[in-house]
Amino acid sequence: DVTLKSTTSKGFTQTMERFSVGENFVWATNEDGVILYHPLKNYIVGLGLKNFKDAKGRPFFIQLISQAIKDGETSLVYYSQNDKKKIEPKLGYAKYLRDQHLVIGTSEPLHFYNSATAIHYIRQSLVVLFFLTLIIVVMPVSLFAWWLTRREKRNLSYITEGLSKI
């Protein structure tokens, strides 16, 4: 159980650092959008980011925070400029810790939007769709045909039996 409210600034930072693994990390703000913790950008700690915009000019950060406070948690796609000055989509996720009066969040690059991975996921989806169609359409038709054939064989056997008695 992690209680962040009563910790000191140093204790808070140490607690938040436990959630960082490699390039994956979490950040924290108060309810007003003031950054309380960010492992990669210490220079923004203490800043209010209400007017902070993504690479396409959208005020995504305050949208993310306000929606998380409203719904408990949320996610949205925003655009960030990477180290190579290329704008790339990212998925931001935030969760509101009501009892702590904190919003914690993370983000993940969406590299697969324009890559072979997207094609791979689409192909997998099409294969699944094909097999579902097979199960939903072909199987009932096959079962009906089997039932009908069985029924007709019975009728045919009655006719054959009747003709043999004549």
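In case you missed it, the structure is sitting above this.
Residues numbered from 1 in each chain as written. Predicted model: local features only at pLDDT ≥ 70, side-chain atom pairs only at ≥ 80, totals over all residues. Heavy atoms only, no water.

Visitor: Residue-level account of a nonpolar patch on the surface, with values.
Guide: Among the surface-exposed residues, Val128, Leu132, Ile135, Ile136, Val137, Val138, Met139 and Val141 lie close enough to one another that they form a single nonpolar patch of about 740 Å² accessible area. Judged by relative accessible area, which is 48%, valine 128 ranks as partly exposed. (Patch = residues over 30% accessible without salt bridge, like charges linked within 9 Å, V, L, I, M, F, W, Y side chains within 5 Å. Areas by Shrake-Rupley, 256 points an atom, 1.4 Å probe, with all protein chains shown as cover. Salt bridge = Lys/Arg side-chain N within 4 Å of Asp/Glu carboxyl O. Buried < 20%, exposed > 50% of the residue type's maximum accessible area, 1.4 Å probe, protein only.)

Visitor: Describe in detail unusual backbone geometry, supporting the description with residues and values.
Guide: A negative phi angle is the norm for most residues apart from glycine, just as the trans form is the norm for most peptide bonds. The residue lysine 85 is not glycine, and still its phi comes out positive at about 65 degrees. Along the polypeptide, lysine 85 turns up in the loop between strand E3 (73–81) and strand E4 (87–97). For lysine 85, a relative accessible area of 63% gives the class exposed. The phi torsion at histidine 101 lies on the positive side, around 60 degrees, for a residue other than glycine. Within the secondary structure, histidine 101 sits in the loop between E4 and strand E5 (102–109). Using a relative accessible area of 38% as the deciding quantity, one classes histidine 101 as partly exposed. (Helix = DSSP H or I, 4+ residues; strand = E, 2+ residues; numbered from the N terminus.)

Visitor: Break down the sheet that holds strand E2 (residues 35–37) for me, citing the residues and quoting the values.
Guide: Strand order across the open sheet formed by five strands is E2-E1-E5-E4-E3, with antiparallel pairing between neighbours. Each edge of the sheet is formed by a strand with only one pairing partner; in this case those strands are E2 and E3. Across the sheet, the axes of successive neighbouring strands diverge by a mean angle of 35 degrees, strand direction being ignored. Here strand E1 (residues 27–30) runs beside E5; their pairing, made up of four bridges, is antiparallel. When the sheet's bridge partners are listed, tryptophan 27 is paired in E5 with glycine 105. (Pairing = 2+ DSSP bridges. Axes fitted to C-alpha atoms, helices over the stretch in contact; angles between N-to-C directions.)

Visitor: Give me the pairing of E5: which residues, what numbers.
Guide: Of the strand pairs in this sheet, E4 and E5 are connected by eight bridges, and their pairing is antiparallel. Along E5, the bridge assignment pairs lysine 95 with isoleucine 104. Connecting E4 to the antiparallel partner E5 that follows it, the hairpin turn spans four residues, and histidine 101 within it adopts a positive phi of roughly 60 degrees.

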